[in-house]
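A look at the structure
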Amino acid sequence: TFILVNQYRRADGSRLHHLDAYRLDSAPEAEELDLDSMLAEGALIVEWPERMQSLISNERLWVEFVQSGEEERELKFNARGKRYEALLEMIQGGK
């Protein structure tokens, strides 16, 4: 057996959901997981989002791990939408 979604409770009561979409066969299978409910409770982190691309909102914060050396990775951030642009600015140390 394997777990598709892990749920973590934060100290403030909100939740963080981690979805591993690698084992999903299709976007309709992902729809059965009720992603909207997860988003209503807190953040949703999706590994292998390309396996369910049609379900991913146009407004999002996309974080990509890119191999930059033999044992090194870099994070690349791409924000879409005002909410996520502001969040990315905050993460990067802006206003």
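Residues numbered from 1 in each chain as written. Predicted model: local features only at pLDDT ≥ 70, side-chain atom pairs only at ≥ 80, totals over all residues. Heavy atoms only, no water.

Here's the deal with the packing of aromatic side chains
To describe a pair of aromatic rings, one takes the distance between the centres and the angle between the planes. What counts is decided by this rule: Pairing of aromatic rings covers Phe, Tyr and the six-membered ring of Trp, with a centre-to-centre limit of 6.5 Å; geometry is then stacked below 30 degrees between planes, edge-to-face above 60, and tilted otherwise. Strands here are runs of E lasting at least two residues and helices are runs of H or I lasting at least four, both read from the DSSP assignment and numbered beginning at the N terminus. Throughout, exposure labels follow a simple rule: accessible area from a 1.4 Å probe, protein chains only, divided by the maximum for the residue type, with under 20% read as buried, over 50% as exposed, and the rest as partly exposed.
If you walk through the whole model with that rule in mind, you get one aromatic pair. For the pair Y22 and W48, a centre-to-centre distance of 4.8 Å together with 50° between the ring planes defines the contact as tilted. Of the two residues, Y22 is situated in the loop between β2 (15-20) and α1 (27-31) and W48 in the loop between β3 (42-47) and β4 (60-69); the sequence distance between them amounts to 26 residues. Owing to a relative accessible area of 46%, Y22 belongs among the partly exposed residues under this scheme.

Digging into the layout of surface pockets
Empty space among the atoms can be located by rolling a probe the size of a water molecule over them. The following threshold applies: Throughout, the protein atoms alone are placed on a 1 Å grid, and a set of points is a cavity if a 1.4 Å probe fits but cannot get out or a pocket if it is open with protein on both sides within 12 Å along at least five of seven lines; lining residues have an atom within 4 Å of a point. Grid points are joined across faces, edges and corners, and a volume is the space filled by probe spheres set on the points. Residue polarity is assigned by list, with Asp, Glu, Lys and Arg as charged and Ala, Val, Leu, Ile, Met, Phe, Trp, Tyr, Cys and Pro as nonpolar; anything else, Gly included, falls into the polar class.
The volume enclosed by the largest pocket comes to roughly 1200 Å³. For the largest pocket, the lining is made up of 31 residues, of which L44, I45, V46, R60 and L61 are closest to its centre. Within the residue set of the lining of the largest pocket, elements represented by two or more residues are α2 (35-41), β3, β4 and α3 (82-91). The residue makeup of the lining of the largest pocket, split by class, is 20 nonpolar, two polar and nine charged.

Describing the pattern of salt bridges
Two side chains that carry opposite charge are able to pair once their charged atoms sit near each other. Applicable threshold: Salt bridge, as used here: a side-chain nitrogen of Lys or Arg that lies within 4 Å of a carboxyl oxygen of Asp or Glu.
This model, assessed by the stated rule, comprises one salt bridge. In this structure, E41 and R15 form a salt bridge, with 3.4 Å as the shortest nitrogen-oxygen distance. With E41 in helix α2 and R15 in strand β2, this pair connects stretches of sequence that are 26 residues apart. Overall, E41 belongs to the partly exposed group, its relative accessible area being 34%.

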